[in-house]
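# Breakdown of the fold
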Protein chains: 2
Amino acid sequence: MFLHFHYADRLHAAIRAKGTPALVGLDPRFEQLPAEMRERSAQRTTNRWECMALASEEFCRRIIDVVAPLVPAVKPQAAFFEECGPPGMAALGNVIHYARRQGLIVIADGKRGDIGSTALGYARAWLAGADPEAAPWGADALTINPYLGVDTLQPFLELAEERGAGVYVLVRTSNPGARDFQDRATHGQTLYERVAQTVEHLASESLGASGYGCVGAVVGATYPAELQKLRHEMESVPLLIPGYGSQGGTSADVAGGVDPEGLGALVNSSRGIIFAWEREEYRERFPPDRWEEAVLAATQAMIADLAEHTPAGQLRI
Amino acid sequence: MFLHFHYADRLHAAIRAKGTPALVGLDPRFEQLPAEMRERSAQRTTNRWECMALASEEFCRRIIDVVAPLVPAVKPQAAFFEECGPPGMAALGNVIHYARRQGLIVIADGKRGDIGSTALGYARAWLAGADPEAAPWGADALTINPYLGVDTLQPFLELAEERGAGVYVLVRTSNPGARDFQDRATHGQTLYERVAQTVEHLASESLGASGYGCVGAVVGATYPAELQKLRHEMESVPLLIPGYGSQGGTSADVAGGVDPEGLGALVNSSRGIIFAWEREEYRERFPPDRWEEAVLAATQAMIADLAEHTPAGQLRI
């Protein structure tokens, strides 16, 4: 028996246990991996994709070893594993299962989406929920794309409820071009506000004990005014907030996305943490062979920053 | 040296060579695969995902053997391979490479999309273009989702141009819920019309000798009036038209999507062809062990139907 089954309840238990909403994005861009790791994997195989996959998996496992005691969740980015071909996708499965064994919540960032019965295929692939063995990739949650319409979100939602899994619907992304289509207004309501309204409706029908649903939303830190407004309009919706750190979002920018108890949101940093040793502030303190210490320092700094400048500080009291 | 390099030129050469715009969708829903195939793969492995992957790969290879002499292209649906976990993704790679060796154009239906540098990861994974070995999954083209904005389409487009590959941007999907977000109007222009305008602009800047660009659009057959209008508004854009057959679209519905020479579009049928032996009209003629003959008959019937009721008939003159 699980103490918690519902995704939002499991998520909030993890956030409380670690005392932070910091989420570490696992984006193993091959070109940026530590040189010795790339060289070692090149000695183990002559297959180009397998070489990339081996290095990516080792890198992510070592990141997980550093951050698992500190943060509630990690977010592997499917694209960088797909880029390594079939061995990359096997590596992604290994990384997700490894992270879960370390007690982490795992959000697969795949931004999947398709019509009805096909959407169910994606849901079955990714949404393991409370039991990591229930789906081949074993994730707790998956990011999904709403462009195809509400009927295409439903299969994800149904399987998520059944398995104690979660989905995060793209509402307002963190890139400059997010405005192109997401900001188009119809009768005074933008597309992203309309999607947000839909997501709030779906979440309110799937509430767990924590008062949040198993349907979340991706809302970028790079648009703080919108984030604060959306936090109020989607009171049942756990947020996934990308854009902190390398993309320019600050703790002040994400503060409005966190509820007064410090819950209801995860704040993601990818490059700023996993490639911390390349950042000016860490480069002198940590030479390349001590890159894990830079990852640790950057994670601790992010946690402290969120505790000081957002309601996440409440979690530490 | 390639006779043709640009995606639209390669596509149109294939359409002319086969004399039809019929596209066969490879959706290996495990539960629907021939029973003997599922049983045989269950004898080869005790791993559930591997069993599904083995059967899916065999099924798709045998479909390809039947349809390769008749149609220009196939469209494997990534979701049903992902559902089989890592062995499924390896099977998908094998199926794509097998199809290309049979001279088929392969459109990977993955509906991928993400912000800038991450989108490039997906592009590198899928877009092999003219040289099947240039990307691990080896596809000629990939379907992509525009929700994140124009800047997120750019990395796909750049790699596509470089490699003679194509992308198909979701414009108007074939599902009932397509209306939810895609039909929202701003200053009298719907979201899908706005996306179509963007796609036409991108395609017009990447024209091949055939007069079409390497950026295509997905427009469902289930909305024939919109399809006809979009054909005129996107004169540089090769269309991928899903929804024919099982989803209710007829040859009359798709006619407006094909240009007067019978070019500029692919019309997709998935279930109606690959699971033809379950259809009433073929069930009596072909018992389960002769399912490939049903696939052949259904493919021939679709080709004849398109030739009779759409400008695709011009290709046969």
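The following refers to the structure shown.

What counts, and at which threshold
Residues numbered from 1 in each chain as written. Chains lettered and ligands numbered in written order. Predicted model: local features only at pLDDT ≥ 70, side-chain atom pairs only at ≥ 80, totals over all residues. Heavy atoms only, no water. Helix = DSSP H or I, 4+ residues; strand = E, 2+ residues; numbered from the N terminus. Rg over C-alpha atoms; globule rule 2.2 N^0.38 Å. Buried < 20%, exposed > 50% of the residue type's maximum accessible area, 1.4 Å probe, protein only. Contact = heavy atoms within 4.5 Å. Pairing = 2+ DSSP bridges. Axes fitted to C-alpha atoms, helices over the stretch in contact; angles between N-to-C directions. Buried area = accessible area lost by both parts, 1.4 Å probe. Salt bridge = Lys/Arg side-chain N within 4 Å of Asp/Glu carboxyl O. Polar contact = N/O pair within 3.5 Å; in protein donor to acceptor, adjacent residues only side chain to side chain. Nonpolar A, V, L, I, M, F, W, Y, C, P; charged D, E, K, R; others polar. Patch = residues over 30% accessible without salt bridge, like charges linked within 9 Å, V, L, I, M, F, W, Y side chains within 5 Å. Areas by Shrake-Rupley, 256 points an atom, 1.4 Å probe, with all protein chains shown as cover. Lys, Arg positive; Asp, Glu negative; His and termini not counted. Charge placed at Lys NZ, Arg CZ, Asp CG, Glu CD.

## Description of the overall build of chain A
- Assigned secondary structure in chain A consists of 14 helices and 10 strands.
- For 317 residues, the compact-globule estimate of 2.2 N^0.38 gives 20 Å, and the C-alpha radius of gyration of chain A, at 19 Å, lies within 12% of that figure.
- Its C-alpha atoms give chain A principal-axis dimensions of about 55 × 45 × 45 Å.
- Evaluated residue by residue, chain A yields a buried proportion of 66% over its 317 residues.
- Taking the contacts inside chain A whose residues are at least 6 apart along the sequence as the reference set, 73% of them involve residues at least 24 apart.

## Looking at the sheet that holds strand β4 (residues 141–144) of chain B
Residues and elements named next belong to chain B.
- The strand order around the closed barrel formed by 8 strands is β1-β2-β3-β4-β5-β8-β9-β10, and the pairing between neighbours is parallel. Between one strand axis and the next, the sheet turns by 30 degrees as a mean value, whatever way the strands run.
- Relative to strand β8 (residues 215–219), strand β5 (residues 166–172) runs parallel, the two sharing 5 bridges. Paired with Leu170 across the strands is Val218, a residue of β8.
- Along the sheet, helix α5 (residues 85–101) makes contact with β1 (22–26), β2 (73–76) and β3 (105–112), crossing β3 at roughly 150 degrees.

## As for the sheet that holds strand β3 (residues 105–112) of chain A
Residues and elements named next belong to chain A.
- With respect to topology, 8 strands assemble into a closed barrel ordered β1-β2-β3-β4-β5-β8-β9-β10, the strand pairing being parallel. Across this sheet, the average inter-strand angle for adjacent strands is 30 degrees, counted without regard to direction.
- The pairing of strand β4 (residues 141–144) with strand β5 (residues 166–172) spans 4 bridges and is classified as parallel. In the sheet register, Thr143 faces β5, and the bridge partner there is Tyr168.

## Topic: the interface of chain A and chain B
- The partner chain B presents 64 residues to the 64 residues of chain A that form the contact.
- Around 5,100 Å² of area is buried between chain A and chain B when both sides are counted, 55% of it from carbon and sulfur atoms.
- Broken down residue by residue, the surface that chain A buries against chain B is led by Tyr147, Phe181 and Arg184 of chain A, which jointly contribute 18%.
- For the interface between chain A and chain B, the tally reads 8 salt bridges.
- Across the pair Glu83 of chain B and Arg124 of chain A runs a salt bridge, and its minimum N-O distance is 3.0 Å.
- Where chain A packs against chain B, one counts 38 residue pairs in polar contact (both at pLDDT 80 or more).
- The class makeup of the residues in the side of chain A that touches chain B is 29 nonpolar, 20 polar and 15 charged.

## Description of a negative patch on the surface
- Among the surface-exposed residues, Glu158, Glu161, Glu162 and Glu205 of chain A lie close enough to one another that they form a single negatively charged patch.
- Tracing the backbone shows Glu158 of chain A in helix α7 (residues 154–163).

## Structural notes on the environment of Ile241 of chain B
All names here are of chain B.
- Within the element layout of this structure, Ile241 appears in strand β9 (residues 239–241).
- A relative accessible area of 0% places Ile241 in the buried class.
- Ile241 sits 158 residues away from Glu83 along the chain, and the two C-alpha atoms are 24 Å apart.

## Notes on unusual backbone geometry
All names here are of chain A.
- Positive phi is not limited to glycine here, since Lys111 has a value of about 45 degrees.
- Its place among the elements puts Lys111 in strand β3.
- On the basis of relative accessibility, which here comes to 8%, the residue Lys111 falls in the buried class.
- With a phi close to 50 degrees, His187 is a non-glycine residue in the positive phi region.
- With respect to the helices and strands, the residue His187 is situated in the loop between β6 (185–186) and β7 (189–190).

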